[in-house]
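# Architecture at a glance
As a plain string of letters, each chain reads:
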Amino acid sequence: MLKAENLHCVYTSGLIKTVKKTAVCGVDLEIFPGETVAIVGESGCGKSTLAKMLVQQLAPTSGEVFFEGTKLTGMNWNNLGKFVGKIQLIPQNPDDVLDPRWTVERSVAEPFVVCGGLSREEISENVDALFAEVGLSAEHKPRYPHELSGGELQRVVIARALALKPELLVCDEATSMLDVSVQAFIVAVLKEIQTKRGLGLVFITHDLEAAKAVSDRVLVMYAGEIVEEGKDVFDRPLHPYTRALLDAVRYASLDVVLQEEDRALPDGFLGCPYFRLCRERTVACKEPQKLRDVSGRLVRCWKS
Amino acid sequence: MIELLKNRQIVLSLIILGGLIFMAIFANVLAPYAYTEKDLQNRLQPPSSDHLFGTDNLGRDILTMVMYGARASLFVGFAVVSVSLAIGVALGVLAGYYGGWLDEIIMRLTDSFLAFPSMFLALAITAFLGQGMKNMMLALIAVEWTVFARVARGSTLDVKTKGYVRAARWIGASNTYVIVKHVLPNIISPVLIMASLGIGNVILAAAGLSFLGLGVQPSTPEWGAMLNAGRTYFTTAPWLMFFPGLFIMMTVLAFNYFGDGLRDALDQKMKNLELEGRF
Ligand SMILES: Nc1ncnc2c1ncn2[C@@H]1O[C@H](COP(=O)(O)OP(=O)(O)OP(=O)(O)O)[C@@H](O)[C@H]1O
Ligand code: SF4
Ligand SMILES: [Mg+2]
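Everything in this summary refers to the structure shown in the same document. (Residues numbered from 1 in each chain as written. Chains lettered and ligands numbered in written order. Predicted model: local features only at pLDDT ≥ 70, side-chain atom pairs only at ≥ 80, totals over all residues. Heavy atoms only, no water.)

## Points about the packing of helix H8 (residues 175-211) of chain B against helix H10 (residues 239-265) of chain B
Residue and element names in this part refer to chain B. Which entries qualify depends on this criterion: The axes used here are C-alpha line fits, helices contributing only the stretch in contact, and every angle between their N-to-C directions lies in the interval 0 to 180 degrees. The secondary structure listing takes helices from DSSP runs of H or I that are at least 4 residues long and strands from runs of E that are at least 2 residues long, numbered from the N terminus. By definition in this entry, angles of less than 35 degrees are roughly parallel, angles greater than 145 are roughly antiparallel, angles of 65 to 115 are roughly perpendicular, and the rest are oblique. With the far helix as reference, a near helix turned anticlockwise by less than a right angle produces a left-handed crossing, and one turned clockwise produces a right-handed crossing. Here a residue-residue contact requires only that any non-hydrogen atoms of the pair lie within 4.5 Å. Three classes are used: nonpolar for Ala, Val, Leu, Ile, Met, Phe, Trp, Tyr, Cys and Pro, charged for Asp, Glu, Lys and Arg, and polar for all others, with Gly counted as polar.
Two elements in contact, H8 and H10, have axes separated by 7 Å at closest approach and are oriented at 160°. Regarding the angle of H8 to H10, the classification is roughly antiparallel. Where H8 crosses over H10, the two elements pack in a sense that is left-handed. Across the interface between the two elements, Leu192, Ile193, Ser196, Leu197, Ile199, Gly200, Asn201, Ile203, Leu204, Ala207 and Phe211 from H8 touch Met241, Ile248, Thr251, Val252, Phe255, Asn256, Phe258, Gly259, Asp260, Leu262 and Arg263 from H10. Classifying every residue of the contact of H8 with H10 by side-chain character gives 14 nonpolar, six polar and two charged.

## Focus: the site of ligand 1
Residues and elements named next belong to chain A. For clarity, the cut-off: Put simply, a residue is near a molecule or strand once any heavy atom of it comes within 4 Å of that molecule or strand. Think of a polar contact as two N or O atoms within 3.5 Å of one another; within protein, one of them needs to be a possible hydrogen donor and the other a possible acceptor, and neighboring residues in sequence only count if both atoms come from side chains. What sets the accessible areas is the Shrake-Rupley method with a 1.4 Å probe; for residues, cover comes only from the shown protein chains.
Surveying the vicinity of ligand 1 reveals 13 residues, the closest of which are Ser43, Lys47, Ser48, Thr49 and Gln92. Between ligand 1 and Tyr11, the relevant distance is 3.5 Å, taken from a nitrogen atom to a side-chain nitrogen or oxygen of the residue. A distance of 2.5 Å separates an oxygen atom of ligand 1 from a polar side-chain atom of Thr49. Bound to the protein, ligand 1 loses 67% of the 630 Å² it would expose on its own. Counting only elements with at least two residues in the shell around ligand 1, the list comes to strand E2 (19-31) and helix H1 (47-54). Here the shell around ligand 1 gets three residues from one element, more than from any other, and that element is H1. Among the residues making up the shell around ligand 1, the classes are represented as three nonpolar, seven polar and three charged.

## Considering helix H6 (residues 133-160) of chain B
Condition: By this rule, a helix spans an expected 1.5 Å times one less than how many residues it contains. Here the bend at each residue means the angle between axes fitted to two seven-residue stretches, the one ending at that residue and the one beginning there.
Helix length check: H6 of chain B (28 residues) gives 39 Å between terminal C-alpha atoms against 40 Å at 1.5 Å per residue, within 8%. Where H6 of chain B bends most, the angle comes to about 30°, and this point is Ala142 of chain B.

Written out as structure tokens, the structure is:
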């Protein structure tokens, strides 16, 4: 359904002395209808950047995104309009997705109003249904965003994203700002909506347990690249980084939490991005690493 | 709205402004005399029970003139600020929202207006267009709109980066929709604050121009013009200048006080703008 080819994103910041930062580097991925794909990886590895490029909120520096065979990247706004609503992003920070001067009811109704063609009663029925779907009651409807808790706000944002019956929902850490029980609830809400509506779900998270619980397939990202991809990644991790990620969770070991300088690679280094931290590195790792198919699993490490 | 009334500064200035506006609207009912009524027997009378504020060199009642003067001053203030606000906000929002060459052109235009000291610009324009109330108002608009353009642009740039603008675009909303429904309501508070401060400034500037003989005709009841007319009698009959001066001061202070109160009371966004040194 959604296909990305060789996506790159290089951020340039600074006015006089420009600094380039490669946030995403050569990502290929495909999402099939009705599938849940989890993208995991440490903070700063480029997950949000990738998500924004997938939904066309950010133009990739190079690479292409296709939706059901149509190329979205480089398309002008008028043509992109046809895909409006089919791909929705729930951004990492839900605070400013809702206009602070609008009641949440009006915000959820906005997609219907903008798309037109519905009477006021129909819109309000739809809105009620969406509120029910995400587990909010009528009591929340007349409130303003600042009058809701984080979890409630998150659910309003989900309700709004569902309004136009998307075929793909990209959730960028939809739960990471919430406490464990609310997290579980939202994950359950999303999962239920997914089974009911059969939409594709991209679930970006730090939370490996949640990723394991909801996903059909897991992508592990490191430094802007996909380092491992497959169905049972967490049961049988093959890439040294995935193993370290799992260890960090299991034993809360500190040696993966290193300073930025310690992990910086020399300029022009083209080998494995994980070279500095990898416990299993050898001289051969200084060669560029490709994603290799290891019995149905894609792994970016020659050793596995 | 109700929360605004908890602010003592706002309440106090609102009472004063309410009184002034009431006086201006009902000047024809409240004023003890007709403003055209000349009583040459009673020229330059000091304040008394007949003439609370005294009389001028033509024997007109100063209290009456001050009351009608409130009409002229408030009218100029509101009219100039409304027109400037409309022009400035429209251009500022367009510049901030669309950016690029449009922003470049609009901002260079504002900069070129801002390059001159405002009083100098107003003087030059009235000198060029000729004396009179309408020309004075045009001159004041030319000075005032830039303030709104800058504030509106700055706030729009801020609002534009917000998630709800992107989210609205991504459900297929047009730019016009986003500007009308999201941008304008979210920039309205800084604009209103600038408007209430602006009315004070405009009234002061209008009085200044009239005092210099470039605004309203000296014979019409307008505070600045009254100051001008009274200037020859300043040593012998100071009340000719004292009362209009007092009212100018009161009005300007009340508007500024109100604006400051609004600014304190209204949202966080202002604090961000302040940090950026826009105020
Ligand atoms: N607008 C930007 N300009 C410059 N650099 C940026 C910009 N946005 C992100 N980055 C950098 O790109 C890298 C990837 O950022 P991204 O937001 O995609 O990370 P992430 O994986 O979502 O992290 P987190 O889990 O903390 O949300 C980071 O190193 C970040 O500093
Ligand atoms: S390629 Fe080498 S450095 Fe990279 S993950 Fe594999 S073993 Fe480690
Ligand atoms: Mg992120």
